[in-house]
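Residues per chain are reported as follows:
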Amino acid sequence: MLELENVNTYYGNIQALSNLSISIGEGEIITLIGANGAGKSTTLMTICGIVPALSGKITFEDERIERLSTDRIVAKGIIQVPEGRRIFPYLTVRENLDMGAYLRNDKAEIKRDIEYIFEIFPILAERRNQTGGTLSGGEQQMLAISRGLMGKPRLLLLDEPSLGLAPLIVTQIFSIIRKINEENDTTIFLVEQNANQALKVAHRGYVMETGRITLADTCENLMQNDDVRKAYLGV
Ligand code: ATP
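The rules behind these values
Residues numbered from 1 in each chain as written. Predicted model: local features only at pLDDT ≥ 70, side-chain atom pairs only at ≥ 80, totals over all residues. Heavy atoms only, no water. Pairing = 2+ DSSP bridges. Helix = DSSP H or I, 4+ residues; strand = E, 2+ residues; numbered from the N terminus. Contact = heavy atoms within 4.5 Å. Axes fitted to C-alpha atoms, helices over the stretch in contact; angles between N-to-C directions. Near = heavy atom within 4 Å. Polar contact = N/O pair within 3.5 Å; in protein donor to acceptor, adjacent residues only side chain to side chain. Areas by Shrake-Rupley, 256 points an atom, 1.4 Å probe, with all protein chains shown as cover. Core = buried A, V, L, I, M, F, W, Y, C linked by side-chain atoms within 4.5 Å. Buried < 20%, exposed > 50% of the residue type's maximum accessible area, 1.4 Å probe, protein only. Lys, Arg positive; Asp, Glu negative; His and termini not counted. Salt bridge = Lys/Arg side-chain N within 4 Å of Asp/Glu carboxyl O. Parallel < 35°, antiparallel > 145°, perpendicular 65-115°, else oblique. Left-handed = near helix turned anticlockwise from the far one by under 90°. Nonpolar A, V, L, I, M, F, W, Y, C, P; charged D, E, K, R; others polar. Expected span 1.5 Å × (residues − 1). Arc of directions from axis to C-beta.

Visitor: What am I meant to see in the sheet that holds strand S4 (residues 55–60) here?
Guide: By definition, the strands of a sheet pair up through backbone hydrogen bonds, in either a parallel or an antiparallel sense. One open sheet accounts for four strands, arranged S2-S1-S4-S5; its pairing is antiparallel. Bordering the open sheet on either side are strand S2 (14–24) and strand S5 (63–64), each of which pairs with just one other strand. The sheet contacts of helix H1 (residues 40–47) involve strand S1 (2–11), S2 and S4, and relative to S1 the element is tilted by about 110°.

What follows is the structure, given as C-alpha cells:
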C-alpha cells in the first residue's frame, strides 16, 4: 500500500533520514520504534509532505506521492495523528470530530462514523459537549485518534499515542488501535518509543537509529532479538 524507497530527508545541512526503505501492506499494523531523536516523526512528516524528501521514492497505492502537497496526500486517505495530540482545546469534542471530517460531504456516513467512535470510546460520548482542553491526557489522545478516523483514513499514521499516558490507559488505547485495524480495514503505521506495547499490537516492525533502519522483522522475532530486548524492552 505504501512504499518508501531510499528516502533521504534533511533539515538544512542535517540529514534526518538516510536511505529509508519501508513497506506497509494493506490491512497491516506496522510499527516504527526507536529512541528519542531517531527520526520517527520526520518519517511521518516526510510521508505527509510536510518535510520534503530530498531524494527517494514514496509510492501510495501505485502512485508516486513524494512531490505532492500535504492537502493532496491527505485527500488520498493518508491521515496523521500528530505527536502531542494537538486537539482544538476551545472546541467541544463534537466540534473536534466535525473538524476531522472537513473534506467529506457524505452526511449519513459521517453520522455513522460518529456513532462508531462513541461506541469504541464511550467516554467521548459522555463528554461530547465539553471543550477539548478540559479532557484528561488519555481522553485527548482518544479524541485525536477519533478526529483522524473522521477523515476516513485508508492509512492512519499514529505518532507516539502512548506519550505521557498512564500504563493502563496506554493498554486501553492500544487495544482499540487493534480493533480499528480489524473492524475497518484501516492500515496503521504506528510510531512509538514504547516498544513493549507497540510490538504487542503490530504485525511487523522496523527499528530506527539515527535516521536509518537497523532491523526489520515480524514483531514476534523482534521481541526475541537480543539487541531489541536490551535496547528497547529493558530485559
Ligand atoms: P521524538 O521521539 O523525540 O519525537 P523522533 O524519533 O521522532 O524523536 P525526529 O523528531 O524525527 O525524531 O528528529 C530526528 C532528528 O532531526 C533529530 O536529530 C532532531 O533533532 C532533528 N530535527 C527534528 N526536527 C527538526 C527541525 N525542525 N529542524 C532541525 N532539526 C530537526
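Visitor: Please explain the pairing of S1 as it appears in this structure.
Guide: Each regular strand shows side chains that alternate between the opposite faces of the sheet. Where S1 meets S2, seven bridges bridge the pair, whose relative direction is antiparallel. Among the inter-strand pairings, Val 7 is bridged to a residue of S2, identified as Leu 20. Linking S1 back to S2 in an antiparallel pair, the connection comprises two residues, with Gly 12 at a positive phi of about 60°. As defined by bridge partners, S1 adjoins S4 across five bridges and the pair is classed as antiparallel. Residue pairing across strands places Leu 2 opposite Phe 60, the latter belonging to S4.

Visitor: Even after reading the chapter, I still don't get the site of the ligand, so can you show me in this structure?
Guide: By nearness alone, 13 residues border the ligand, and Asn 36, Gly 37, Lys 40, Ser 41 and Thr 42 come closest of all. Between Ala 38 and the ligand, the recorded distance is 3.0 Å, taken from a backbone N or O atom to an oxygen atom. Between an oxygen atom of the ligand and a main-chain N or O atom of Gly 39, the distance comes to 2.9 Å. Coverage of the ligand by the protein amounts to 61% of the 630 Å² it exposes when considered alone. The greatest single-element share of the shell around the ligand, amounting to three residues, is contributed by H1.

Visitor: Explanation requested: the nonpolar core in the structure shown.
Guide: Most often, soluble globular proteins keep nonpolar side chains buried together rather than apart. Leu 124, Leu 158, Phe 174, Ile 180, Ile 188 and Leu 199 are the most contacted members of the largest nonpolar core, which totals 46 residues. With near-sequence residues (within four places) excluded, Ile 188 lies in contact with Glu 28, Ile 29, Ile 30, Leu 155, Leu 156, Leu 158, Ile 177, Ile 180 and Asn 181. Core analysis: the second largest hydrophobic core is formed by 27 residues, Leu 2, Ile 22, Cys 48 and Ile 65 among them.

Visitor: Whenever I open this one, the side chain of Arg 85 confuses me. Can you help?
Guide: By secondary structure assignment, the location of Arg 85 is in the loop between strand S6 (78–81) and helix H3 (93–100). As a buried residue without a salt bridge, Arg 85 has its nearest oppositely charged side chain in Glu 192, at a separation of 9.3 Å. Non-local contacts of Arg 85, meaning those with residues more than four positions away in its chain, are made with Gly 137, Gln 140, Gln 141, Ala 144, Arg 147, Leu 163 and Leu 165.

Visitor: Please clarify how the packing of helix H6 (residues 137–149) against helix H7 (residues 167–184) should be interpreted in this entry.
Guide: Each pair of packed helices can be summarised by the angle the axes make with each other and by the distance between the axes. For the pair H6 and H7, the least separation of the axes is 10 Å and the interaxial angle reads 15°. As the angle between them shows, H6 and H7 are arranged roughly parallel. By crossing handedness, the relation of H6 to H7 is classed as right-handed. Each of Gly 138, Gln 141, Met 142, Ile 145 and Leu 149 in H6 lies in contact with H7, whose residues at this interface are Ile 169, Gln 172, Ile 173 and Ile 180. Here the contact of H6 with H7 is composed, by residue class, of six nonpolar, three polar and no charged.

Visitor: Looking at this structure, I do not really get the environment of Thr 31. What am I missing?
Guide: Mapped onto the elements of the fold, Thr 31 is located in strand S3 (residues 29–34). Note on Thr 31: relative accessible area 0%, which makes it buried. For the pair Thr 31 and Arg 104, spaced 73 residues apart in sequence, the C-alpha separation works out to 28 Å. Every residue in contact with Thr 31, bar those within four places of it in the chain, is listed here: Phe 189, Leu 190, Glu 192, Ala 198, Leu 199, Ala 202, Arg 204, Gly 205, Tyr 206 and Cys 219. Separated by 2.9 Å, the side chain of Thr 31 and the backbone oxygen of Leu 190 make a polar contact.

Visitor: Sorry, what's going on with the environment of Gln 141 here?
Guide: Within the element layout of this structure, Gln 141 appears in helix H6. Residues Gln 141 and Met 99, 42 residues apart in the sequence, show an inter-C-alpha distance of 16 Å. Those residues in contact with Gln 141, other than ones at most four positions away along the chain, are Val 81, Arg 85, Glu 160, Pro 161, Leu 165 and Ile 173.

Visitor: Would you mind showing me how to read H7 here?
Guide: Side chains three or four residues apart in an α-helix point the same way, a direct result of the helix having 3.6 residues per turn. Given a rise of 1.5 Å per residue, 18 residues ought to cover 26 Å, and the 26 Å separating the end C-alpha atoms of H7 matches this to within 8%. Turning to H7, its buried residues number three or more, namely Val 170, Ile 173, Phe 174, Ile 176, Ile 177, Ile 180 and Asn 181. Taken around the axis of H7, the buried residues stretch over an arc of 160°, which confines them to a single face. Residues of H7 that are exposed and point more than 90 degrees away from the buried face comprise Leu 168 and Glu 182. Looking at the buried residues of H7, the elements they touch are S3, helix H4 (107–120), H6, strand S7 (155–159), strand S8 (187–192) and helix H8 (195–201). Among the residues trailing H7, Asp 185 stands out with phi positive, at a value near 55°.

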